[in-house]
Amino acid sequence: MQEIELKFLVPESRLKSLMRQTHVKSSQVTQLAAHYYDTPDQQLAQAGIGLRIRKEGDTWVQTIKAGGDGIAARLEHNAVLDNEQVQAMLDNNELMPDLAVYQDTPVAAALADFKLKKLAKNLTRLYVTDVERTTRLLTESNEDEADNCIEMAYDQGEIIHGTDDSLRKAIQEIEFELVSGDLDFLFTTAKTWCKRYKLCLSTVTKAENGSLLINGQNHSPAVNANLSQLQIDKDSSAPTFIRVVVHNCLLQILPNSSAIVAGSIDDDHILQLRIGIDRLRTALKAFADFSDEINPEWLPILKQTATLLSDYYQLAYINAQIEPGLQACGAPAVDWTTDIENIKITPINTLQANDFQITLLELIAFTMSDPSIEPQTDQLARDKLTKVLSKQYKKCLKTNKKSAEVSDEINDTELVSDDIEVNTDIDDNDHTESELLNQLRDLRYISEFSTPLLSKKKAKKKTKHWLKRLIKAQKALEQLNDDNQHQQFYELKSKTDANALYGAGWFTAILTDDQSHIDARLAKFADSSTFW
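Counting from 1, residues in each chain are numbered in the order their sequence is written. Local features in a predicted model are, by the rule used here, given only for residues with pLDDT of at least 70; side-chain atom pairs are given and counted only at 80 or more, and totals for whole chains, interfaces and linings are based on all residues. With hydrogens and water stripped out, all remaining heavy atoms of the structure feed into the side-chain values.

## Side note on helix H5 (residues 183-197)
Put simply, the rule is: What counts as a helix is a DSSP run of H or I of at least four residues, what counts as a strand is a run of E of at least two, and both are numbered from the N terminus. By this rule the span expected of a helix is its residue count minus one, scaled by 1.5 Å. Using a 1.4 Å probe on the protein chains alone, a residue whose accessible area is under 20% of its type maximum counts as buried, one over 50% counts as exposed, and one in between counts as partly exposed. Contacts are assigned to residue pairs that have any heavy atoms within 4.5 Å of one another.
With 15 residues, H5 should reach 21 Å at 1.5 Å per residue; the first-to-last C-alpha distance of 21 Å fits that figure. Residues Phe185, Leu186, Phe187, Thr189, Ala190, Trp193, Cys194 and Tyr197 constitute the buried set of H5. At its buried positions, H5 is contacted by strand E1 (2-9), helix H1 (15-22), strand E6 (124-140), strand E7 (148-161), strand E8 (168-180) and helix H12 (354-368). Of the residues one or two after H5, Lys198 is the one with positive phi, at around 55°.

Below, the structure written as structure tokens:
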């Protein structure tokens, strides 16, 4: 069975008002005591599988969960156990799952990489949960089909370490699971509650929280883009293609966003979330005409979110990475703590914003919607991709040529006598290089999305070579852009802290040191033949 559910964290400021809506006359309160199992090295968790035995009221149920078809979907199998047998095993401290029940079930495929007998011998109880669950059904009549029905479940309790009950992690979350009816009802309901109570989406399961507890971690590591998860059939329609691409972007965005709204201030979470949003923005712009279901309001919200994340990340990166490096080279210390604290909108504030959370919900709903009902379902994505790539490639070449011309003009003016006033157009050059960087970044993402459909087996080496040159050019310009921003931060800081002059001078020297490296990367990229 596949469950479709959305999980949210509840902010303390809205908890009381939300509790009034969960604890109504029709709601039910159930105590859930669950034992979670895995191998000591957590092989199941690494495969995205959760295995538990849980007491639900008076009934013991063995449950396994694995990845489903869609971001909000999970494959789930429940087996009701004999209460007397469970109690006997508990009395002897021998309670263990029975893996034999999964033979000839849809879950068997998720366990295909394991030898079940060997796995059963290595299982151990890693942690337990003690949760009070309040459930309520939300229904809507549907004249043509079965009534729309959602189970809303509010969980409050804690996860307890399996061998040290002094180690605990609090749980406070609300879930909406589609019981019957239309998927749209689930997302419409979730958006209503999200707006009202400022809920924040979370992809962190109880099993993942348990793993974090036993590993002594607060949050899972940052998630990078994973192009191997971009599973696209070569005959995919345009609407199917854009859904798969958005889904791939969300696989990077949602885990990092979930960590930040749960309290992470890790630079890597912020960076990878911003990259994920940048990839998504590129896809929505480049493939805008691949689907009629793309909401134009998504882009400005995503752009604003990425900008706010970048503003914070730059200062945090300087404080955590650049400053220690400069001090190691003999620079006097510069304290950036106050600058960071004075940023009015932090990453968690940015992500808690209703418009961003609603946008995430709409994007998830988009990926799970049926592409076959769209007018463009008969148009193959690969037939449209070549035009998209060619257009973006030509933009890059044009801007690169313009950048080279501006650089030549600047170099020529340096030969003019000092007593003649000359406009060096340095600002124009900075703007052109920034524009080129954005275009190269977009071209890279578009190319990576398109490769599964356009790259032929015989030309894989050529495709890899072209992408390698593109990425090197992009990274060279990205480094120049970063160094320029760091120089500006230190220059501005030097007005109130003379110690920052060292950093300002350091980055000025780097910026003027070797433009030839960037020029060489761009030249190689421009000379490469494309793969499409």
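Back to the write-up after that little detour.
## Considering the side chain of Arg54
The cut-off we apply is this: In the analysis that follows, any N or O atom pair within 3.5 Å is treated as a polar contact, provided that within protein one partner can donate a hydrogen and the other can accept it, and provided that, for residues neighboring in sequence, both atoms belong to side chains.
Relative to the assigned elements, Arg54 resides in strand E3 (residues 50-56). Residue Arg54 is classed as buried on the basis of its relative accessible area, which comes to 8%. Here the side chain of Arg54 touches Glu56 through a polar contact of 3.0 Å, side chain to side chain. In this structure, Arg54 is in contact with Leu32, Ala33, Ala34, Thr59, Trp60, Val61 and Arg133, ignoring residues within four places of it in sequence.

## Points about a nonpolar patch on the surface
This is how it is decided: Each patch is built from salt-bridge-free residues with over 30% relative accessible area, joining like charges within 9 Å and nonpolar side chains (Val, Leu, Ile, Met, Phe, Trp, Tyr) within 5 Å. Each accessible area is a Shrake-Rupley estimate made with a 1.4 Å probe; only the visible protein chains count as cover when residues are assessed. The salt bridge definition used is simple: a Lys or Arg side-chain nitrogen within 4 Å of an Asp or Glu carboxyl oxygen.
A cluster of nonpolar side chains, contributed by Tyr502, Trp506 and Ile510, occupies part of the molecular surface with about 240 Å² of accessible area. Relative to the assigned elements, Trp506 resides in helix H16 (residues 500-511).

## Quick notes on helix H3 (residues 83-91)
N-cap assignment for H3: the residue whose side-chain oxygen lies 3.0 Å from the backbone N of Glu84 is Asp82. Just beyond H3, the residue with positive phi is Asn93, at close to 55°.

## Focus on the nonpolar core
Condition: Here the nonpolar core consists of buried residues drawn from Ala, Val, Leu, Ile, Met, Phe, Trp, Tyr and Cys, with membership extended through side-chain atoms lying within 4.5 Å.
Ranked by internal contacts, the top residues of the largest apolar core, which has 106 residues, are Phe8, Ile174, Phe176, Leu199, Phe241, Phe287 and Tyr490. Looking at this core element by element, the count peaks at twelve residues for helix H7 (residues 238-261). Not counting residues within four places of it along the chain, the set of residues in contact with Phe176 comprises Ile4, Glu5, Leu6, Phe8, Leu138, Ile150, Glu151, Met152, Leu186, Trp193 and Leu199. Formed by 18 residues, the second largest nonpolar core is a distinct cluster that contains Ile49, Ala66, Leu75 and Val107.

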